[in-house]
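Overview (structure and organization)
Take a look at the letters that make up each chain.
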Amino acid sequence: MKISAAIVLLSLIFIQANGQSIIHPQAKLKIVTPSIIVLGNVQDGGSPHIGCTKACCKELFIHPDPTRMVSCLGVIDPENKLNWLFDATPDFTFQLKALKKASEFSTKEVPDGIFITHAHIGHYTGLMYLGREALNSKQVPVYAMPKMKSFLEHNGPWSQLVTLNNISIKPIQNGQINTLSSNIKVTAFKVPHRDEFSETAGYQIEGPNKKALFIPDIDKWSKWDKNIVDEIKKVDYAFIDATFYDAAEMNNRPITEIPHPLVVESMELFKNLPLKEKDKIYFIHLNHTNPLLNPDSGQTKTVLKSGFHIARYNDVFEL
């Protein structure tokens with residue numbers, strides 16, 4: 001159940017029309033059971049987006065929104081006093097601090113492990129802050145699939161993180177269950193995407209009572225060798241690629257260059273699911289042009305009215 005894992009000590013909870021709870025970013029949380037916390041929901045380039053002159057970014061350059069972080073999940077296990085990060089984004093510095101703050105037991109500035117999905121800028125470049133020019137960390141576990149592991153080991157500046165022992169790469173395999181604690185297991189699986197430098201991984205995160213799916217990037221659902229509807233049925237939460245709401249956002253680029261599943265396509269694919277299955281779906285990884293970033297947009301209201309959700313910064317989900 002969403003939010004039940006966290007006690008809100010300060011500030012407010014905002015309830016949207018469909019009952020979805022959004023915790024204000026300044027709220028102080030006390031997470032008492034194994035949980036996922038959303039630490040970002042924006043596409044790789046962030047919001048505001050470099051070079052953007054559109055209305056979606058213009059005001060944000062003057063008044064930045066502290067909740068506009070690049071897509072990232074934190075996993076917290078209070079019983080074992082451990083936490084993990086899923087993707088190392090350009091907002092890594094802020095997200096590590098947010099994860100530590102949500103993990104009241106933690107005295108460490110770095111998590112107990114970082115899971116990388118793939119070698120696109122929004123998903124691994126935050127690792128640079130672990131280097132000697134910044135934190136100069138010591139053997140932070142970084143979980144990576146074979147091509148991603150090789151990419152980090154054989155390309156600078158990432159290879160320096162390895163040779164200086166700032167990070168310790170933990171190899172993971174497609175379909176392999178990784179037991180992180182008595183409460184948390186993680187399984188990686190490959191998904192089709194623009195794999196110029198590495199394969200692309202999605203993750204199933206399993207807690208004592210519930211499971212979550214994390215697929216921030218995929219080309220099209222039809223290209224995957226698994227059926228997304230069947231995979232959603234196996235879990236309790238599904239955080240899935242929602243980079244673009246519809247084709248209108250891509251008025252200057254061919255869709256073949258960025259073949260993400262459009263939100264309107266995903267909603268059409270899922271429209272006949274029972275409400276209990278739709279209720280599992282949380283759209284994440286929103287491009288700076290995506291109207292779902294605006295909680296008051298007509299598109300947001302359409303998504304919520306259709307029975308789906310939008311992942312928002314500081315949302316907490318019990319595992």
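Above: the structure in question.
As a starting point, this report considers the structure included with it. These figures come from a predicted structure and were not determined experimentally.

1. Side note on the packing of aromatic side chains
Following the criterion strictly, the structure yields 15 aromatic pairs and no others. For the pair Phe86 and Phe115, a centre-to-centre distance of 4.7 Å together with 5° between the ring planes defines the contact as stacked. Separated by 29 residues along the polypeptide, Phe86 in strand β7 (residues 82-86) and Phe115 in strand β8 (residues 114-115) bring together distant segments of the chain. Between Phe115 and Tyr203, the aromatic rings sit 5.4 Å apart at their centres with planes inclined by 75°, giving edge-to-face as the arrangement. You can see Phe115 sitting in strand β8 and its partner Tyr203 sitting in strand β13 (residues 200-206), a full 88 residues away along the chain.

2. Focus on the sheet that holds strand β15 (residues 237-241)
Strand order in the open sheet made by the seven strands is β11-β12-β13-β14-β15-β16-β17, with mixed pairing throughout. Every interior strand has two partners, whereas the edge strands, β11 (177-179) and β17 (309-310), have only one. Note that strand β12 (residues 185-191) and β13 share seven bridges and pair antiparallel. Each residue of the ladder has a partner; that of Thr187, found in β13, is Gln204.

3. Quick notes on the pattern of salt bridges
Going through the model one piece at a time under the given rule, you end up with eleven salt bridges. Note that Lys30 and Glu104 form a salt bridge whose closest N and O atoms lie 3.2 Å from each other. Within this pair, whereas Lys30 is found in strand β4 (residues 29-31), its partner Glu104 is found in the loop between α2 (92-102) and β8, the two being separated by 74 residues in sequence. Given the relative accessible area of 35%, Lys30 is considered partly exposed. Glu268 is paired through a salt bridge with Lys271; the nearest N and O atoms lie 2.8 Å apart. According to the relative accessible area criterion, Glu268 is partly exposed, its value standing at 47%. The exposure class assigned to Lys271 is partly exposed, which follows from its relative accessible area of 42%. Overlapping salt bridges bring together Lys97, Lys100 and Glu109 as one network.

4. Concerning the nonpolar core
Counting 33 residues, the largest nonpolar core has Ile114, Leu127 and Leu152 as the members making the most contacts within it. Listing elements by their share of this core, those giving two or more residues are β4, β5 (35-40), β6 (72-77), α2, β9 (140-144), α4 (146-154), α5 (158-163) and β10 (167-171). The element that contributes the greatest number of residues to this core is α2, accounting for five residues. If near-sequence neighbours (up to four positions away) are discounted, Leu127 is found in contact with Ala88, Ile114, Ile116, Val142, Leu152, Trp158 and Leu161. Counting 28 residues, the second largest nonpolar core, distinct from the first, contains Val42, Leu213, Ala238 and Met267.

5. Regarding α2
For α2, the set of buried residues is Phe92, Gln95, Leu96, Ala98, Leu99 and Ala102. Taken down its axis, α2 places every buried residue within 165° of arc, on the same side. Turned more than 90 degrees away from the buried face of α2, the exposed residues are Phe94 and Lys101.

6. Quick notes on the sheet that holds β10
The strand order across the open sheet formed by seven strands is β10-β9-β8-β7-β6-β5-β18, and the pairing between neighbours is mixed. A strand with exactly one partner marks an edge of an open sheet, and here the two such strands are β10 and β18 (316-318). Here β7 runs beside β8; their pairing, made up of two bridges, is parallel. Within β8, the position partnered with Phe86 by the bridge is Phe115. Helix-sheet contacts for α2 involve β5, β6, β7 and β8, and the interaxial angle to β5 is about 150°.

7. Focus on the environment of Asp77
Tracing the sequence through the fold places Asp77 in strand β6. With 43 residues separating them along the chain, Asp77 and Pro34 place their C-alpha atoms 4.4 Å apart. The residues touching Asp77, leaving out its near neighbours within four places in the chain, are Pro34, Leu82, Trp84, Phe105, Ser181, Asn183 and Ile184. Here the side chain of Asp77 touches Asn80 through a polar contact of 2.7 Å, side chain to side chain. Side-chain polar atoms of Asp77 contact the side chain of Ser181, separated by 2.7 Å.

8. A look at unusual backbone geometry
Glycine aside, negative phi is the norm for most residues, and most peptide bonds take the trans geometry. Note that the residue after Ser47, namely Pro48, is joined by a cis bond; omega there is 10°. Tracing the backbone through its elements, the reader meets Pro48 in the loop between β5 and α1 (55-62). For the bond running from Gly156 to Pro157, omega is 5°, close enough to zero to count as cis. Mapped onto the elements, Pro157 comes out in the loop between α4 and α5. The residue Gln139 is not glycine, and still its phi comes out positive at about 50°.

Reading the values: the criteria
- Residues numbered from 1 in each chain as written.
- Predicted model: local features only at pLDDT ≥ 70, side-chain atom pairs only at ≥ 80, totals over all residues.
- Heavy atoms only, no water.
- Phe/Tyr/Trp six-rings, centres within 6.5 Å; stacked < 30°, edge-to-face > 60°.
- Helix = DSSP H or I, 4+ residues; strand = E, 2+ residues; numbered from the N terminus.
- Pairing = 2+ DSSP bridges.
- Salt bridge = Lys/Arg side-chain N within 4 Å of Asp/Glu carboxyl O.
- Buried < 20%, exposed > 50% of the residue type's maximum accessible area, 1.4 Å probe, protein only.
- Core = buried A, V, L, I, M, F, W, Y, C linked by side-chain atoms within 4.5 Å.
- Contact = heavy atoms within 4.5 Å.
- Arc of directions from axis to C-beta.
- Axes fitted to C-alpha atoms, helices over the stretch in contact; angles between N-to-C directions.
- Polar contact = N/O pair within 3.5 Å; in protein donor to acceptor, adjacent residues only side chain to side chain.

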